[in-house]
Every structure is written in structure tokens, then in C-alpha cells.
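Structure assessment
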Amino acid sequence: MSTPEARITISANGSLKVEGDIPLYDDQGNRLETREGKPYFLCRCGASEKKPFCDGRHKIADWDPSLLG
Ligand code: FES
């Protein structure tokens with residue numbers, strides 16, 4: 001089974017979808033656990049209670065995704 005292409009996709013109204021073998025580290029250099037072989041989603045709205053991961057709160061949060069690109 002081949003490794004999927006590493007990529008980050010900005011969704012129009014929500015998270016950043018991270019695919020491929022891209023490790024995630026905090027600001028102390030600690031590797032954060034992600035589901036091996038599965039995509040993970042990073043919050044870009046600031047409302048998630050599971051930061052840095054998206055928990056779906058962008059759907060009810062008061063934010064304008066057009067301001068963040
Ligand atoms: S982008 Fe989904 S909770 Fe922030």
C-alpha cells in the first residue's frame with residue numbers, strides 16, 4: 001500500500017485537513033498523537049476545545065473564514 005500524497009487542504013468554512021505522513025509537534029517540540037494513516041483536522045477558527053484539532057465548533061462559532069484565507 002503506497003503512502004498518500006502529503007498535503008494540507010484549507011476547507012472553505014472550517015478546518016485544515018492534513019493528509020499523508022506529516023507529523024505534528026507542539027511548541028515544545030513534543031510530537032502530538034495523530035491517527036496513523038488517517039487524515040487529521042486542525043482548527044483555524046479558534047473555537048475548538050480540542051486545539052489544535054478541529055472539534056466541529058466552527059459550524060456554530062462566530063468567525064469569518066474569508067479573513068484567514
Ligand atoms: S476549524 Fe473546526 S473547530 Fe475550529
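Let us look at the structure shown here. (Residues numbered from 1 in each chain as written. Predicted model: local features only at pLDDT ≥ 70, side-chain atom pairs only at ≥ 80, totals over all residues. Heavy atoms only, no water.)

**Focus: the pairing of strand β1 (residues 7-10)**
Defined as follows: A strand pair is defined by DSSP finding two or more bridges across the two strands. For the purposes of this entry, the term helix denotes a DSSP run of H or I that reaches at least four residues, the term strand denotes a run of E that reaches at least two, and both are numbered from the N terminus.
Of the strand pairs in this sheet, β1 and strand β2 (residues 16-19) are connected by four bridges, and their pairing is antiparallel. Bridge pairing in β2 links I10 to L16. Hairpin connection between β1 and β2: a loop of five residues separates the two successive antiparallel strands.

**A word on the pairing of β2**
By the bridge criterion, three bridges tie β2 to strand β5 (residues 40-42) in an arrangement that is antiparallel. Paired with K17 across the bridge in β5 is F41.

**A closer look at the pattern of salt bridges**
Let me state the cut-off plainly: A side-chain nitrogen of Lys or Arg and a carboxyl oxygen of Asp or Glu constitute a salt bridge if their distance falls within 4 Å. Summary of the burial criterion: residues with accessible area below 20% of their type's maximum are buried, those above 50% are exposed, and those between are partly exposed, where the area comes from a 1.4 Å probe applied to protein chains only.
Summed over all chains, the structure comprises four salt bridges. As a salt-bridge pair, E19 and K17 come within 3.9 Å of each other at their nearest N and O atoms. Between R57 and E49 there is a salt bridge, with its nearest N and O atoms 3.2 Å apart. R57 gets classed as partly exposed once you look at its relative accessible area, which sits at 31%. Among the charged side chains, a network of salt bridges with common partners joins E49, D55 and R57.

**Structural notes on the side chain of S48**
What counts, and what does not: By the criterion applied in these results, polar contacts are pairs of N or O atoms within 3.5 Å in which, for protein atoms, one can donate a hydrogen and the other can accept it, and in which residues neighboring in sequence qualify only through two side-chain atoms. Note on definitions: a residue-residue contact is assigned when non-hydrogen atoms from the two residues lie within 4.5 Å.
Considering the arrangement of structural elements, one finds S48 in the segment after β5. In this structure S48 comes out as buried when scored by relative accessible area, which is 4%. A distance of 2.5 Å separates a polar atom in the side chain of S48 from the backbone oxygen of F53. Not counting residues up to four positions away in its chain, the partners in contact with S48 are C43, F53, C54, D55 and R57.

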